[in-house]
Amino acid sequence: MPVRVGGDPDPLSSARTAPPWRSTRPAWIFLAAGGVLVALAAVGPVSLRDPLMTLGLLAGLGAMTYAVWRMAQPGHGGPWRLMLGAATSFLVAIVIRGVVPGAGGSTPNLMMILPNTFALLGYVLMGCSLAAMLRRRRAQEDDPARIDALVVAMAATFMCWTYLIVPTMAQSDLTAMRVANSFFPILDVVLLVFAAQLGFSGGGRQPALWLLILAMSAMFTGDMIYALREDGLANLPQHPADVLFLATFIFVGAAGLHPSMRNLTEPQQIVVKDLGKVRTTLIALMVVGPNLITIVQPAHSMLTGIVNAVLCSGLILAVFARVVRANNSRARAEQATRRRATHDALTDLPNRELLAETITEWGDRAADEQQEISLLFIDLDRFKMVNDHWGHQVGDELLCAVASRLSAQIRGEDLVCRIGGDEFVIALSSPSHSALAESFADRVLDEFTRPFELSVGNVVISASIGVAKAHGGARALELIRDADTAMYKAKGNGRNAYALFDTSLRDEVRDRMNLEQALRSALPRGELAVHFQPIVDLTNGQIDGFEALMRWNHPTLGAVSPVDFIPVAEETGLIVESGAWLLRTAAAQLAAWTVQRGPDARRLHVSVNVSVRQLRDRAIVDIVRDVLADTGLGADQLWLEITESGVMEDLETALVTLLELRDLGITLCIDDFGTGYSSLSYLNRLPVGIVKIDRSFVRHVGENGPNEPIVRAVLAMTRAMNLRVVAEGVETELQRDWLREQGCDLAQGWLYGKAELPENLEPWIRPQVIA
């Protein structure tokens, strides 16, 4: 026998082992067998009718019992237990009519009350069962199924009244028992109301639901036949009523065996759809039919006329109520849609669309009222670290807390909006030339100094704010753009501050966009170049290696400063591609120099800067591995420089990448040490071998400058940690000599030369030259 390895399991085996509440087969087999039983009872030999009736009723009762104990979900069996109780009461009533003398006769007597009592109990229990199902499905208050079911009920009541109760009451030999029999179909109408509402409500049309509707319809028809016969209104046999009652048991039993019976006791999402043709036709017949009958068949008594008028008026009012409710429901849906379109789903604050509408509305009247419109564009600093460290759920929690705190600060006429991920805007309207916006920005910054109480504890986060103002005729999008521009100026000034917009910022943004567009084509056009700055061993003055620096020479802009284009490359992500190019080019150049210098020369290194974006992109590890393999460069000859602030923005993620890079055998350097966190604890965690002291600390060493104690402390600390140190920005012999005396290992700066193209560095490459 073959053994299945992986893939889908054997479908036949799955069917054989499926839990009973998942298989539809028992329900359809029971329904088919029950259908055969009903057909035999209807047209079979008279001698078999009673045994077949007994077998069918007991089978239906057994199926319902099985449904209660095996099919219903735990805690959801209540409605089905009520249904089982109703079926049991009906069965007891049938047994009493067949066994107790006089209980099933045609002559009125007291014994007939006994089976009718159990039958009435069955109706009550079945009504409670259907009502419980309907309650568990939780139909909405404006669900049209309620009114549609009411229309069906009133139409059915009208038919019962007209063709059953009125003729019965007109009989000369009227008895209380006949009146009671006439009202049994009314009870069926109540059951039909519940069944119709279940059918009209949402949640799909499950087979179990249709089987219950068929059961209620069969019982209603059977009771009508029984009432017409017992009241002497029609010469009908009892047998059809018995067969329909048997069909009721079969339908209910099959409904209980079908897996969809579980859905009848589960909450359903109500989806109000357009009226289908069948439903529209049914409602039209329910309304038009009774009114036509009333017109064609006039009432023969005042009571009949009043009842007819009440029922017909009720039908018309029900349809009117449906129209009104549908209109109200549509209006509420439009309001909800409008709110979803103009409000943020997470914080329930107005969004960009409503902000733009409000600014436009204020701008139309600002000039006449001499009002000034101010926007505070608020961006949370380093919000990504919150998401990366604690997850997006905590990030959302923080956004809601920020929204609540900002909302508490504004006046009634102001507006707080969330227009992006971690971006909020406060819109103010104040008298012209007031300083309301500036004072408000200061207050918001003060609010951010207080920690936010979140599920992970107290979290402190700062914000950068851009302030833009406008007078009459303000264009919303332009004002938002200006405030956004000012916010980036605040971030550039060190974050946790606010900045005012002025027109020069707009020029800066335009220049930056032009620079960005030019930078996107710089690498393909060959405008980028690699310059190398010597790094010298202070103990003997020999070359130890080079730092590779990216330079850009644009055809029209000329030589673009790295201070200008490197931040743009970082923000746009272009640094990932251009940084990889820099790494490959620098490594290839050093490999060529290594061959040129020969095997006996001192092994040089090349130091390449790696950006924060590259560290977040785990592909940097594969790029370095490929570069070493393609160039043949030794791993010890490649240094990668990282900045303190860049690593600390996402320390945990950066550590994973840095450890993988260290495992390749390369050397990692901390660049610009002293300008960022400069923490001994984090420096001890990073897998670095080199520390580069920033030029700002080197500038006045040797002259009793204020930074000499700091440099001494850094050198002592790194020596204790067995790290080498490179001093940046060495420009004088005095600085070089002082650093050498303090035990600094390496130096670079204009004293040894600026960054040059490879062809200008031949004096450094020749092994015999000592600088």
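Residues numbered from 1 in each chain as written. Predicted model: local features only at pLDDT ≥ 70, side-chain atom pairs only at ≥ 80, totals over all residues. Heavy atoms only, no water.

**Student:** Could you give an account of the overall build of the protein chain, naming the residues involved and the relevant values?
**Tutor:** Helix and strand content of the protein chain: 28 helices and 16 strands. Within the span of the protein chain, comprising 771 residues, buried residues form 47% of the whole. For the protein chain, the proportion of contacts with a sequence separation of at least 24, taken over those separated by at least 6, is 73%. Accessible surface for the protein chain amounts to roughly 37300 Å². Of this, 58% is attributable to carbon and sulfur atoms. (Helix = DSSP H or I, 4+ residues; strand = E, 2+ residues; numbered from the N terminus. Buried < 20%, exposed > 50% of the residue type's maximum accessible area, 1.4 Å probe, protein only. Contact = heavy atoms within 4.5 Å. Areas by Shrake-Rupley, 256 points an atom, 1.4 Å probe, with all protein chains shown as cover.)

**Student:** Describe the pairing of strand 11 (residues 605-609), with residues and values.
**Tutor:** For strand 11, the buried fraction is high: four of the five residues fall into the buried class. Bridge analysis of strand 11 against strand 12 (residues 638-643) gives four bridges, and the strand direction is parallel. Across the sheet, residue Val606 finds its bridge partner in strand 12, namely Leu638. (Pairing = 2+ DSSP bridges.)

**Student:** Please provide a residue-by-residue account of the packing of helix 21 (residues 619-631) against helix 23 (residues 651-663), values included.
**Tutor:** Running from amino to carboxyl end, helix 21 crosses helix 23 at an angle of 15°, the nearest separation of the two axes being 9 Å. Of the possible angle classes, the one that applies to helix 21 and helix 23 is roughly parallel. The two elements helix 21 and helix 23 meet at a crossing, and its hand is right-handed. The residues of helix 23 that touch helix 21, namely those facing Ile620, Val621 and Val624, are Thr657, Glu660 and Leu661. Looking at the contact of helix 21 with helix 23, its residues break down into four nonpolar, one polar and one charged. (Axes fitted to C-alpha atoms, helices over the stretch in contact; angles between N-to-C directions. Parallel < 35°, antiparallel > 145°, perpendicular 65-115°, else oblique. Left-handed = near helix turned anticlockwise from the far one by under 90°. Nonpolar A, V, L, I, M, F, W, Y, C, P; charged D, E, K, R; others polar.)

**Student:** Lay out a nonpolar patch on the surface in plain terms, naming residues and giving numbers.
**Tutor:** Among the surface-exposed residues, Val288, Leu292 and Ile295 lie close enough to one another that they form a single nonpolar patch of about 300 Å² accessible area. By secondary structure assignment, the location of Leu292 is in helix 10 (residues 277-296). (Patch = residues over 30% accessible without salt bridge, like charges linked within 9 Å, V, L, I, M, F, W, Y side chains within 5 Å. Salt bridge = Lys/Arg side-chain N within 4 Å of Asp/Glu carboxyl O.)

**Student:** Talk me through the environment of Ala435; I want residue IDs and the actual numbers.
**Tutor:** Position of Ala435 among the secondary structure elements: in the loop between strand 3 (423-431) and helix 15 (436-447). The exposure class assigned to Ala435 is partly exposed, which follows from its relative accessible area of 47%. As a C-alpha pair, Ala435 and Ser374 span 61 residues in sequence and 9.9 Å in three-dimensional space.

**Student:** Pulling in residues and values, what's your account of the packing of helix 2 (residues 25-43) against helix 9 (residues 239-257)?
**Tutor:** Close contact between helix 2 and helix 9 brings their axes to 9 Å; oriented N to C, the two are set at 175°. In terms of orientation, helix 2 and helix 9 fall into the roughly antiparallel class. Contacts between helix 2 and helix 9 involve Pro26, Ala27, Phe30, Leu31, Gly34, Leu37, Val38, Ala41 and Ala42 from the former and His239, Val243, Leu246, Ala247, Ile250, Phe251, Gly253, Ala254 and Leu257 from the latter. The residue inventory of the contact of helix 2 with helix 9, partitioned by class, reads 15 nonpolar, three polar and no charged.

**Student:** Give me unusual backbone geometry: which residues, what numbers.
**Tutor:** For Asp348, which is not glycine, the phi dihedral falls at a positive 65°. In this fold, Asp348 is placed in the loop between helix 11 (302-342) and helix 12 (352-369). The backbone of Asn722 sits at a positive phi, close to 60°, despite the residue not being glycine. As for its placement among the helices and strands, Asn722 is situated in the loop between helix 26 (708-720) and strand 15 (724-727). Taking relative accessible area as the criterion, Asn722 reaches 70% and is therefore assigned exposed.

**Student:** Can you explain helix 27 (residues 733-741)? Please cite residues and give values.
**Tutor:** Within helix 27, burial applies to Gln735, Trp738 and Leu739. Angular distribution of buried residues about the axis of helix 27 spans 100°; they occupy a single face of the element. Buried residues in helix 27 make contact with helix 25 (695-698), helix 26 and strand 15. One or two residues past the end of helix 27 sits Gly743, with phi positive at roughly 90°. (Arc of directions from axis to C-beta.)

**Student:** So what's going on with the environment of Asp672? Which residues, and what values?
**Tutor:** Within the element layout of this structure, Asp672 appears in strand 13 (residues 667-673). As a C-alpha pair, Asp672 and Arg695 span 23 residues in sequence and 7.6 Å in three-dimensional space. Beyond its immediate sequence surroundings of up to four residues, Asp672 is in contact with Thr643, Glu644, Lys692, Asp694 and Glu728.

**Student:** Outline helix 2, supporting the account with residue identities and numerical values.
**Tutor:** The terminal C-alpha atoms of helix 2 lie 27 Å apart, and with 19 residues this matches the ideal 27 Å at 1.5 Å per residue to within 8%. What helix 2 keeps buried is the set Ala27, Phe30, Gly34, Leu37, Val38 and Ala41. Buried residues of helix 2 fall within an arc of 100° about the axis and therefore sit on the same side. Residues of helix 2 that are exposed and point more than 90 degrees away from the buried face comprise Arg25, Ile29, Val36 and Val43. (Expected span 1.5 Å × (residues − 1).)

**Student:** Could you give an account of the packing of aromatic side chains, naming the residues involved and the relevant values?
**Tutor:** Here the structure, examined in full by the defined rule, presents eight aromatic pairs. Plain terms: the ring middles of Phe245 and Phe249 are 5.8 Å apart, the flat faces sit at 50° to each other, and that makes the pair tilted. Highlighted residues: Phe245 and Phe249, both in helix 9, separated by four residues, approximately one helical turn. Here the aromatic rings of Phe532 and Phe546 are separated by 6.3 Å at their centres, their planes lie at 85°, and the arrangement is edge-to-face. Here Phe532 is found in strand 8 (residues 528-537), whereas its partner Phe546 is found in strand 9 (residues 543-554), with 14 residues between them in sequence. What makes Phe532 buried here is its relative accessible area of 2%. Owing to a relative accessible area of 1%, Phe546 belongs among the buried residues under this scheme. One aromatic cluster in this structure is built from Phe90, Tyr123, Phe245 and Phe249. (Phe/Tyr/Trp six-rings, centres within 6.5 Å; stacked < 30°, edge-to-face > 60°.)

**Student:** Give me the lowdown on the sheet that holds strand 2 (residues 415-418), citing residues and values where you can.
**Tutor:** If you walk across this open sheet you meet the five strands as 2-3-1-6-7, and the pairing is mixed. Both edges of this open sheet fall to strand 2 and strand 7 (498-500), since each of them pairs with a single strand only. For this sheet, the mean angle separating the axes of adjacent strands, direction not counted, is 20°. Bridge count for strand 1 (residues 371-380) against strand 3 is nine bridges, and the pairing is antiparallel. For Ile378, the partnering residue across the bridge sits in strand 3 and is Phe424. Running at roughly 10° to strand 3, helix 14 (residues 392-407) makes contact with strand 1, strand 2 and strand 3 of the sheet. Seen against the sheet, helix 16 (residues 476-492) touches strand 1, strand 6 (463-470) and strand 7 and runs at an angle of roughly 140° to strand 6.

**Student:** For the pattern of salt bridges, give the residues involved together with the corresponding values.
**Tutor:** For the structure on display, the rule yields 29 salt bridges. Taking the shortest distance from any N to any O, the salt bridge between Asp348 and Arg339 comes out at 2.9 Å. Here Asp544 ties to Arg602 by a salt bridge, and the two come within 2.5 Å at their closest N and O atoms. One end of the pair, Asp544, is in strand 9; the other, Arg602, is in the loop between helix 19 (574-597) and strand 11, and 58 residues separate them in sequence. Shared partners join several salt bridges into a network, and the residues in it are Arg512, Glu516, Arg520 and Glu571.

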